[in-house]
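Structural characterization, general
Spelled out, the chains give:
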Amino acid sequence: MATKIPTITLNNGAKTPSIGYGTCQALDEELEKALEKALEAGYRHIDTAYVYQNEKVIGKVLKRWINDGKLKREDIFLVTKLPHAGNRPEGVVKYLKRSLENLQVEYIDLYLIHGPYGLPDFEGDFPPKDSNGNIILDMSTDHIAIWKAMEEQVDAGLAKAIGLSNFNKSQIERILKNSRIKPSALQIELHAFLQQNELVGLCKENNILVIAHSPLGNPGVNKIAEKLGQKTDHPDILGNPTVKAIAKKHSKTEAQVLLRFSVQQGWLPIPKSVNPERIKQNLDIFGFQLDKQDVNELKSLDADITVLDYRRFKGVENHPEFPFKDRIKTKN
Ligand SMILES: NC(=O)c1ccc[n+]([C@@H]2O[C@H](COP(=O)([O-])OP(=O)(O)OC[C@H]3O[C@@H](n4cnc5c(N)ncnc54)[C@H](OP(=O)(O)O)[C@@H]3O)[C@@H](O)[C@H]2O)c1
């Protein structure tokens, strides 16, 4: 039986399940099978992005469920994102229409600007690089002009709600001051090691839903390194002794503790898994409660540690709108 998931109401009046299914780095047949399992388990909020190159597979599975009468379009809360390569007013409608076509739907429930810096419009692998391996940037990114184009998509009915991802506090404040339609959500990296209290506070004050990406700290990076016998400086949140002790206390897994923490903090986590057992496990977090002491211990793990390694995007910090200048890891 599918798990019944509590819902959250967004500032446009729409409802979303309080946990979603992440799909980054899941592709083709693997994702097709996994999404079947996720829908069977009860996930109804699905997170994708144009750059994940998996919208077509997601569209195919959703279409099948709708055609088979197992789902109605309105049962699904679908989130996708404007790529950095579309970060200009004319890019918004161009990429949103591509996403709608890929996903085989008439509208997106929540359309997010994937990130605040812009890339030149290009076809091909993300990110575009020059011969020295530096990322090629479009320095002319104008958030207010892009947001206006986002608002027009709500007017046109192509997006029910619009929002931001990876924007920092001052960037969000500027959008709030210069918008007709306020952002409904902010998707950011959020987990026990990176709790971003100030940013989350700003969102709460302005009725912006906070969506937690990488809620488990993307442990897959560690698993791959382990398999290859390589060392990694990727943080291991699942292996943290405090997380382990709380999991033992509640007879739950470390992942369930982190996801429950996320939900109790008022964040909407979107764990990614292609493993049938873990897909189910990650949803099974509504039958227990972390107590005050657990929550305080998890809160104390906040250390401003990111799991996203921006060194992959050499030179990205040179963009005037790069949001995390203080968070670029330096090589020792
Ligand atoms: N807006 C953005 O810029 C942005 C950035 C990053 C991510 N996201 C979104 O957020 C989603 C989640 O983030 P993420 O994929 O980076 O990281 P994550 O969800 O924190 O971690 C995913 C990894 O954890 C493993 N995993 C899943 N459940 C587990 C469990 N119960 N126990 C142990 N391991 C488990 C998965 O492996 P298996 O698949 O093998 O289970 C996968 O390797 C993405 O898929 C994407 O939709 C958005």
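Residues numbered from 1 in each chain as written. Predicted model: local features only at pLDDT ≥ 70, side-chain atom pairs only at ≥ 80, totals over all residues. Heavy atoms only, no water.

**Things to note about the packing of helix 9 (residues 254-264) against helix 11 (residues 292-299)**
Short version of the rule: Here an angle of 0 to 180 degrees is reported between the N-to-C directions of two axes, which are lines fitted to C-alpha atoms, with helices fitted over the stretch in contact. Secondary structure follows DSSP: runs of H or I at least 4 residues long count as helices, runs of E at least 2 residues long count as strands, and numbering of each begins at the N terminus. Note on terminology: angles under 35 degrees are roughly parallel, angles over 145 are roughly antiparallel, angles of 65 to 115 are roughly perpendicular, and the others are oblique. A contact between two residues is defined here by any heavy atoms of the two lying within 4.5 Å.
Remark: helix 9 packs on helix 11, axes separated minimally by 11 Å, with the N-to-C direction vectors making an angle of 95 degrees. By the angle between their directions, the pair helix 9 and helix 11 is classed as roughly perpendicular. Each of Val257, Phe261 and Gln264 in helix 9 lies in contact with helix 11, whose residues at this interface are Val295, Leu298 and Lys299.

**Quick look at the packing of aromatic side chains**
Ring pairs (aromatic) are described by centroid distance and by the angle formed between their planes. Rules: Only centres within 6.5 Å qualify two rings of Phe, Tyr or Trp (six-membered ring in Trp) as a pair; their planes then separate them into stacked at under 30 degrees, edge-to-face at over 60, and tilted for everything else. Working definition: with a 1.4 Å probe on protein chains only, accessible area under 20% of the residue-type maximum means buried, over 50% means exposed, and in between means partly exposed.
Per the counting criterion, the structure on display carries five aromatic pairs. Plain terms: the ring middles of Tyr117 and Phe322 are 6.1 Å apart, the flat faces sit at 45 degrees to each other, and that makes the pair tilted. Placement of the pair is Tyr117 in the loop between strand 6 (108-113) and helix 4 (143-155) and Phe322 in the segment after helix 11, with a sequence separation of 205 residues. Relative accessible area serves as the criterion here: at 3%, Tyr117 is assigned to the buried category. By relative accessible area, which is 3% here, Phe322 ends up buried. An aromatic cluster of three or more residues is present, and its members are Tyr117, Phe322 and Phe324.

**Overview of a positive patch on the surface**
Cut-off, in case you're wondering: The residues that make up patches have over 30% relative accessible area and no salt bridge, and they are joined within 9 Å when like-charged or within 5 Å when they are Val, Leu, Ile, Met, Phe, Trp or Tyr. The Shrake-Rupley method, run with a 1.4 Å probe sphere, supplies the accessible areas, and residue values consider only the shown protein chains as cover. When a carboxyl oxygen of Asp or Glu is within 4 Å of a side-chain nitrogen of Lys or Arg, the pair counts as a salt bridge. Charged residues are defined narrowly, with Lys and Arg counted positive, Asp and Glu counted negative, and His plus the chain ends left uncounted. A charged residue contributes its charge at one atom only: NZ of Lys, CZ of Arg, CG of Asp or CD of Glu.
Taken together, the side chains of Lys223, Lys227, Lys272 and Arg278 present a region of like positive charge at the surface. For Lys272, a relative accessible area of 38% gives the class partly exposed.

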